[in-house]
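Listed below, chain by chain, are the residues.
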Amino acid sequence: MSAGLKTVILLSFVLAVGFLLIILSCALWVNWLPLLVGAYDMRVSFAGILIQVFSALTFVLAPLPNALFAHCGGDEFSSSDNATGAVDLGRFLTSIIVVTGFALPVVLTHSEVLKPGACAMSIIGGGLVYGTILAYSAAFRQDDEYD
């Protein structure tokens, strides 16, 4: 599959809409907790800053373990269905990060820290960001098959 300029433009547009929804989920309800988790009183400690950075980059960092451990598979003589422990670990870590990204706004909404509209916009925006990253890696995957 040849990915061209239209694919890049479409993916960048969807990524921008995803980030826009995440930022609007904070700005419309004047509650920056979808981005700034841990700054409930606006008194931010060092640990709060670390939590903020992690929560803001959850969906961007989610494919990273998959990308790092994807090449730890078998050699050219093994079948592609056999996944090694490292590949499974990468998938497991990716799933933990994705579930955290979807569950954190729901937990904050349940504890009445976020409004339900902000929760929905944050989840939709995060899903668009993560989906865009997956679509980009699928569209621009280079196969190592030599004929």
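Source: prediction; values computed, not measured.

**Looking at the packing of helix H5 (residues 85–110) against helix H6 (residues 116–139)**
Part 1 of the reasoning: It is the contact of H5 with H6, at a shortest axis distance of 8 Å, that shows an interaxial angle of 165 degrees. Taken together, the axes of H5 and H6 are roughly antiparallel relative to one another. Two packed elements cross with a definite hand, and for H5 against H6 that hand is right-handed. In contact with Thr94, Val98, Phe102, Pro105, Val106 and Thr109 of H5, H6 contributes Pro116, Cys119, Ser122, Ile123, Gly127 and Tyr130.

**Re the UniProt feature "transmembrane region" (unreviewed entry) in the protein chain**
Part 1 of the reasoning: According to UniProt, the feature "transmembrane region" (unreviewed entry) maps to residues 7–32, 44–69, 89–108 and 120–140 in the numbering used here.
Part 2 of the reasoning: Between the end C-alpha atoms of residues 120–140 the distance is 30 Å, and the span holds 95% helix and 0% strand.

**Some points on the nonpolar core**
Part 1 of the reasoning: Listed in full, the 7 residues of the largest apolar core are Ile22, Phe59, Ala62, Ile97, Val98, Val129 and Tyr130.
Part 2 of the reasoning: Ignoring sequence-local partners within four residues, the contact set of Val98 consists of Phe59, Ala62 and Tyr130.

**Here we look at the packing of helix H1 (residues 5–27) against H6**
Part 1 of the reasoning: Two elements in contact, H1 and H6, have axes separated by 7 Å at closest approach and are oriented at 160 degrees. Looking at the two axes, H1 sits roughly antiparallel to H6. Every pair of crossing elements has a handedness; the one defined by H1 and H6 is left-handed. The residues of H6 that touch H1, namely those facing Thr7, Leu11, Val14, Leu15, Val17, Gly18, Phe19, Leu21, Ile22, Leu24 and Ser25, are Ala118, Met121, Ser122, Ile124, Gly125, Gly126, Leu128, Val129, Thr132, Ala135, Tyr136 and Ala139.

**Some remarks on H6**
Part 1 of the reasoning: The terminal C-alpha atoms of H6, which comprises 24 residues, lie 34 Å apart, in line with the 34 Å expected from a rise of 1.5 Å per residue.
Part 2 of the reasoning: Residues of H6 that are buried: Ala118, Cys119, Met121, Ser122, Gly125, Gly126, Val129, Tyr130, Thr132 and Ala139.

**Some thoughts on H1**
Part 1 of the reasoning: Here H1 is 23 residues long and its end C-alpha atoms lie 32 Å apart, about the 33 Å a rise of 1.5 Å per residue gives.
Part 2 of the reasoning: For H1, the complete set of buried residues consists of Leu11, Gly18, Leu21, Ile22, Ser25 and Cys26.
Part 3 of the reasoning: Contacts made by the buried residues of H1 are with H6.

**A closer look at the packing of aromatic side chains**
The description of an aromatic ring pair rests on the distance of the ring centres and on the angle between the ring planes.
Part 1 of the reasoning: Tallied over the entire structure, the rule returns 1 aromatic pair.
Part 2 of the reasoning: With centroids separated by 4.7 Å and ring planes inclined at 40 degrees, the aromatic side chains of Tyr136 and Phe140 adopt a geometry described as tilted.
Part 3 of the reasoning: Using a relative accessible area of 47% as the deciding quantity, one classes Tyr136 as partly exposed.
Part 4 of the reasoning: Owing to a relative accessible area of 30%, Phe140 belongs among the partly exposed residues under this scheme.

The rules behind these values
- Residues numbered from 1 in each chain as written.
- Predicted model: local features only at pLDDT ≥ 70, side-chain atom pairs only at ≥ 80, totals over all residues.
- Heavy atoms only, no water.
- Axes fitted to C-alpha atoms, helices over the stretch in contact; angles between N-to-C directions.
- Helix = DSSP H or I, 4+ residues; strand = E, 2+ residues; numbered from the N terminus.
- Parallel < 35°, antiparallel > 145°, perpendicular 65-115°, else oblique.
- Left-handed = near helix turned anticlockwise from the far one by under 90°.
- Contact = heavy atoms within 4.5 Å.
- UniProt positions renumbered as here; feature names shortened; annotations may be inferred.
- Core = buried A, V, L, I, M, F, W, Y, C linked by side-chain atoms within 4.5 Å.
- Buried < 20%, exposed > 50% of the residue type's maximum accessible area, 1.4 Å probe, protein only.
- Expected span 1.5 Å × (residues − 1).
- Phe/Tyr/Trp six-rings, centres within 6.5 Å; stacked < 30°, edge-to-face > 60°.

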